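Structural overview
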Amino acid sequence: MDVIQMQRTWVEYTKSLYREGFLDSQFAQLQLLQDESNPDFVVEVVSLFFEDSERLLNELTKVIDQQQGVDFKKVDAHVHQLKGSSSSIGAQRVKNACVAFRSFCDEQNIEGSLRCLHQVKQEYFLVKNKLENLFSLERKIVAAGGSVPTEELNFL
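Residues numbered from 1 in each chain as written. Predicted model: local features only at pLDDT ≥ 70, side-chain atom pairs only at ≥ 80, totals over all residues. Heavy atoms only, no water.

Per an unreviewed UniProt entry, the protein chain goes by the name Histidine-containing phosphotransfer protein and belongs to Linum trigynum. On record in UniProt, under Function (unreviewed entry), the comment for the protein chain is "Functions as a two-component phosphorelay mediators between cytokinin sensor histidine kinases and response regulators (B-type ARRs). Plays an important role in propagating cytokinin signal transduction." (UniProt positions renumbered as here; feature names shortened; annotations may be inferred.)

1. A look at the overall build of the protein chain
A tally of regular secondary structure across the protein chain gives 6 helices and 0 strands. Oriented by its inertia axes, the alpha-carbon framework of the protein chain measures out at about 60 × 25 × 25 Å. Restricting the contact set of the protein chain to residue pairs at least 6 apart, pairs at least 24 apart contribute 67%. Carbon and sulfur atoms provide 49% of the accessible area of the protein chain, an area that totals close to 8,700 Å². A gap of 5 Å separates the mean positions of the 17 positive and 23 negative side-chain charges of the protein chain. (Helix = DSSP H or I, 4+ residues; strand = E, 2+ residues; numbered from the N terminus. Contact = heavy atoms within 4.5 Å. Areas by Shrake-Rupley, 256 points an atom, 1.4 Å probe, with all protein chains shown as cover. Lys, Arg positive; Asp, Glu negative; His and termini not counted. Charge placed at Lys NZ, Arg CZ, Asp CG, Glu CD.)

2. With respect to the pattern of salt bridges
Under the definition given, this model contains 5 salt bridges. A salt bridge links E59 to K62; its shortest N-O distance comes to 3.8 Å. Linking E59 with K62, this pair stays in helix α3 (residues 41-64), spanning 3 residues, or about one helical turn. Of the charged contacts, one joins E123 and R93 as a salt bridge, the two residues approaching to 2.8 Å between their closest N and O atoms. Here E123, found in helix α6 (residues 110-143), pairs with R93, found in helix α5 (residues 92-107); they are 30 residues apart in sequence, far enough to count as distant. Among the residues examined, E123 registers a relative accessible area of 9% and is labelled buried. In this structure R93 comes out as partly exposed when scored by relative accessible area, which is 25%. (Salt bridge = Lys/Arg side-chain N within 4 Å of Asp/Glu carboxyl O. Buried < 20%, exposed > 50% of the residue type's maximum accessible area, 1.4 Å probe, protein only.)

Listed below in structure tokens is the structure:
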């Protein structure tokens, strides 16, 4: 695939991430902060999000799986943190799943919390896969001598 075709693919793929609700305008704001002096800014920020999210998801799983009763305040604190970090990178579907999760924490509803934990994990791994694919395509474009056509995302 030549550079122009990869750039077209990147634009269409990125638009689909917004259209399907995986990303919101906050991700576009992150992209605007990236420049020649910091060309890996978005990848670095999103990588930190991945690390933090996986730690939080592991902690949530441990807290919810406790036999002596669930500490819903601890669960809510972890979900609140995950909601904030997903919101800060524009991972809209993860953030929305966290909003629903927090309402079940307020109700101290274990069944609803377990369903929401599953949903949050599913949305997280989906967006992680989508962003890894996006970053892989960006690396290929740059390696082929092109530039990532972020200016073509004027639909936001």
